[in-house]
Amino acid sequence: MELVRYRPGEAIRWLETGAENIRKGAQNKGMNLMKQSGIDQKTFSENLKTAAGAIFDFGKGTYADMVHKQAEESEFVLQDKQFDIVNGSNLKSVTYDRVLAIHLRGDRTVLTLDKGVVTIKPFAYIVSGRIKVPVGWVRNGIEVPYELLTLELAARCGIEVKEEI
């Protein structure tokens, strides 16, 4: 069997773009505080709120960068007898025969092992109005639905997926 790599879908690239925009907005808020003069000056409490908002926005931008980097460095590698969970420089190998059960809880896949549990969850979501769906995977260079990793793991483990509502 060939090596199969599941990486987060291409849509996570928007986290990086969003992080840049959030940081630019925070920087603009901070710069506008410094440029006040004469009648344009705001009260101390208004300036304090604006500064706090700028700091909060900068933190959101940093968090989005961190999530993007973590997603880019993560993958699931399916091999003949085992699968590897790669998170940056961390590597965890699990043989298929160690998986006792696979539960699907909403968007999370919970693999019950002989010793421990592995949870697979989406790195990001696409939201349109009231609809929220997880970003899929890139399987060996081709975009696939999010659920495909769970189904392929179940097939390789010889276990049926149990859905919990």
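In short, a report on the structure. All values reported here derive from a predicted model rather than from experimental measurement. (Residues numbered from 1 in each chain as written. Predicted model: local features only at pLDDT ≥ 70, side-chain atom pairs only at ≥ 80, totals over all residues. Heavy atoms only, no water.)

### Description of the overall build of the chain
Right, so step 1: Helices and strands together make up the secondary structure of the chain, namely three helices and twelve strands.
Right, so step 2: With 165 residues in all, the chain has 33% of them scored as buried.
Right, so step 3: A fraction of 56% describes how many contacts in the chain between residues 6 or more apart in sequence connect residues 24 or more apart.
Right, so step 4: About 10,900 Å² of surface is accessible on the chain, with carbon and sulfur atoms providing 55% of the total. (Helix = DSSP H or I, 4+ residues; strand = E, 2+ residues; numbered from the N terminus. Buried < 20%, exposed > 50% of the residue type's maximum accessible area, 1.4 Å probe, protein only. Contact = heavy atoms within 4.5 Å. Areas by Shrake-Rupley, 256 points an atom, 1.4 Å probe, with all protein chains shown as cover.)

### With respect to the pairing of strand S4 (residues 90-95)
Right, so step 1: When strand S3 (residues 82-87) meets S4, the two strands line up antiparallel, connected through six bridges. Residue pairing across strands places Val-86 opposite Leu-91, the latter belonging to S4.
Right, so step 2: The antiparallel hairpin formed by S3 and S4 contains two residues in its connecting segment, where Gly-88 sits at a positive phi of about 65°. (Pairing = 2+ DSSP bridges.)

### Section: the environment of Leu-78
Right, so step 1: With respect to the helices and strands, Leu-78 occurs in strand S2 (residues 74-78).
Right, so step 2: The sequence separation of Leu-78 and Glu-152 amounts to 74 residues, and the corresponding C-alpha distance is 9.0 Å.
Right, so step 3: Not counting residues within four places of it along the chain, the set of residues in contact with Leu-78 comprises Glu-2, Leu-3, Val-4, Tyr-6, Phe-83, Tyr-96, Leu-149, Glu-152, Leu-153 and Arg-156.

### Quick look at the sheet that holds strand S5 (residues 99-105)
Right, so step 1: Strand order across the open sheet formed by four strands is S7-S6-S5-S12, with mixed pairing between neighbours. One side of each edge strand has no neighbouring strand; the edge strands of this open sheet are strand S7 (116-120) and strand S12 (161-164). Taken over all neighbouring pairs, the strand axes of this sheet differ in orientation by 25° on average, direction set aside.
Right, so step 2: As paired elements, S5 and strand S6 (residues 108-113) share six bridges and run antiparallel to each other. Paired with Val-99 across the strands is Leu-113, a residue of S6.
Right, so step 3: Relative to S5, helix H3 (residues 147-157) is tilted by about 160°, and along the sheet it contacts S5, S6, S7 and S12. (Axes fitted to C-alpha atoms, helices over the stretch in contact; angles between N-to-C directions.)

### Quick notes on the sheet that holds strand S1 (residues 4-8)
Picture the strands of a sheet paired through backbone hydrogen bonds; they go either parallel or antiparallel.
Right, so step 1: If you trace the six strands from one edge of the open sheet to the other, you get S4-S3-S2-S1-S10-S11, paired in antiparallel fashion. Pairing within the sheet leaves two strands with one partner each, and these edge strands are S4 and strand S11 (142-144). On average, adjacent strands in this sheet sit at an angle of 25° to one another, irrespective of strand direction.
Right, so step 2: Inspection of the sheet shows S1 paired to strand S10 (residues 137-139) by three bridges, in the antiparallel sense. Paired with Pro-8 across the strands is Trp-137, a residue of S10.

### A few points about the side chain of Glu-152
Right, so step 1: Within the secondary structure layout, Glu-152 lies in helix H3.
Right, so step 2: A distance of 2.4 Å separates polar atoms of two side chains, one belonging to Glu-152 and the other to Tyr-6.
Right, so step 3: When residues no more than four places from it in sequence are discounted, the contact partners of Glu-152 are Val-4, Tyr-6, Leu-78 and Arg-139. (Polar contact = N/O pair within 3.5 Å; in protein donor to acceptor, adjacent residues only side chain to side chain.)

### Details of the nonpolar core
Right, so step 1: Within the largest apolar cluster, 22 residues are counted, with the highest numbers of intra-cluster contacts made by Leu-78, Phe-83 and Ile-120.
Right, so step 2: Within the residue set of this core, elements represented by two or more residues are S1, S2, S3, S5, S6, S7 and H3.
Right, so step 3: A total of four residues in this core trace back to one element, the largest contributor, which is H3.
Right, so step 4: In this view, Ile-120 contacts Phe-76, Asp-107, Arg-108, Thr-109, Leu-111, Trp-137, Tyr-146, Leu-149 and Leu-153; residues no more than four positions away in its chain are not counted. (Core = buried A, V, L, I, M, F, W, Y, C linked by side-chain atoms within 4.5 Å.)

Without other data, these values stay purely geometric and don't point to any function.
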